[in-house]
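One-letter residues, chain by chain:
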Amino acid sequence: MKLVFASSNPNKLKEIIAIAPPNIQIVGLKELGFEGELEETQTTIEGNSLQKAEFISSKFNVPCFAEDTGLEIEALNNEPGVYSARYAGKKEGFIDNVAKVLTKMEGIKNRKAQFKTVITYYNQGKYVQFEGITEGEITLERHGEGGFGYDCIFIPLNSGKTYAEMTQNEKNRLSHRKKSFEKFANHLAALSVL
Ligand code: IMP
């Protein structure tokens, strides 16, 4: 089946295409003719995920799914969380967001953190959500060149290296995004739509 993915983030699109099983063809927003940024104005990851899925589904009258992801750091009261994309300010990018985390974590022994993804599948006014969590630790400094966002400072439990030091396949085997997508795909299979 074809599935519209409501995301304007090319890194996420790449990962979702690689994660999706062969019987799911992912359709990006460009293919749908939408080039803009999607609004994320809610105060929770669940809320932002729903906002994006509902917007695209209603605008184009198609079933679609969206995801929202946050990095939750225990010692920072789960910051940056829902504000992960704009932690250092609205106009700042990955480099500044990562720098802000490392600065705030200076001298802190508890490095526990988790990535949380919530996928929302929105279809004809109804929706379901699927959560994926990967636990790990925040490094003392950046490691690795791959991936995007906070990948270079996050080591998943028992993996010994950051997401950014992994190949795309390695990250996709254990990532928060993969876990939420797997639940979503199982849901579609149970509905017999795959
Ligand atoms: P959003 O889900 O588009 O709001 O993304 C939140 C921010 O979290 C993004 O701008 C990225 O910086 C970061 N992010 C999302 N997913 C990942 C990931 O898989 N690895 C590292 N950073 C991520």
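Above this note sits the structure.
Since the structure is predicted, the reported quantities are computational estimates derived from the model, not experimental observations.

Procedures and definitions
Residues numbered from 1 in each chain as written. Predicted model: local features only at pLDDT ≥ 70, side-chain atom pairs only at ≥ 80, totals over all residues. Heavy atoms only, no water. Phe/Tyr/Trp six-rings, centres within 6.5 Å; stacked < 30°, edge-to-face > 60°. Buried < 20%, exposed > 50% of the residue type's maximum accessible area, 1.4 Å probe, protein only. Lys NZ or Arg CZ within 6 Å of the ring centre and 35° of its normal. Near = heavy atom within 4 Å. Polar contact = N/O pair within 3.5 Å; in protein donor to acceptor, adjacent residues only side chain to side chain. Areas by Shrake-Rupley, 256 points an atom, 1.4 Å probe, with all protein chains shown as cover. Helix = DSSP H or I, 4+ residues; strand = E, 2+ residues; numbered from the N terminus. Nonpolar A, V, L, I, M, F, W, Y, C, P; charged D, E, K, R; others polar. Core = buried A, V, L, I, M, F, W, Y, C linked by side-chain atoms within 4.5 Å.

Caption draft 1: Geometry of the packing of aromatic side chains. Counting across every chain of the model gives 13 aromatic pairs. Between tyrosine 122 and tyrosine 127, the aromatic rings sit 6.5 Å apart at their centres with planes inclined by 5°, giving stacked as the arrangement. With relative accessibility at 44%, the residue tyrosine 127 sits in the partly exposed group. Taken together, the ring pairs in this structure connect Phe5, Phe65, Tyr121, Phe130, Phe181 and Phe184 into an aromatic cluster. In this arrangement the basic side chain of lysine 59 is found over the ring face of phenylalanine 60, its NZ or CZ atom lying 5.9 Å from the centre. Here the basic side chain of lysine 100 rests over the ring of tyrosine 87, its NZ or CZ set 4.4 Å away from the ring centre.

Caption draft 2: Expanded view of the site of the ligand. For the ligand, the set of nearby residues contains 16 residues, the closest of which are Lys12, Glu40, Asp151, Lys171 and Arg177. Within the contact set of the ligand, an oxygen atom lies 2.9 Å away from a side-chain nitrogen or oxygen of glutamate 40. Look at the ligand: alone it shows 480 Å² of surface, and the protein chains cover 95% of it. Going through the elements one at a time, strand E3 (64-73) and helix H6 (176-190) are the ones with two or more residues in the shell around the ligand. A class-by-class count of the residues in the shell around the ligand yields five nonpolar, four polar and seven charged.

Caption draft 3: How the structure looks around the nonpolar core. Counting 18 residues, the largest nonpolar core has Leu71, Ile73, Val101, Ile138, Tyr150, Ile153 and Phe154 as the members making the most contacts within it. If you tally residues by element for this core, the top one is helix H4 (residues 94-104), at three residues. Counting 15 residues, the second-largest nonpolar core is a separate cluster that includes Leu3, Phe5, Ile19 and Phe130.

Taken by themselves, the reported measurements are silent on function.
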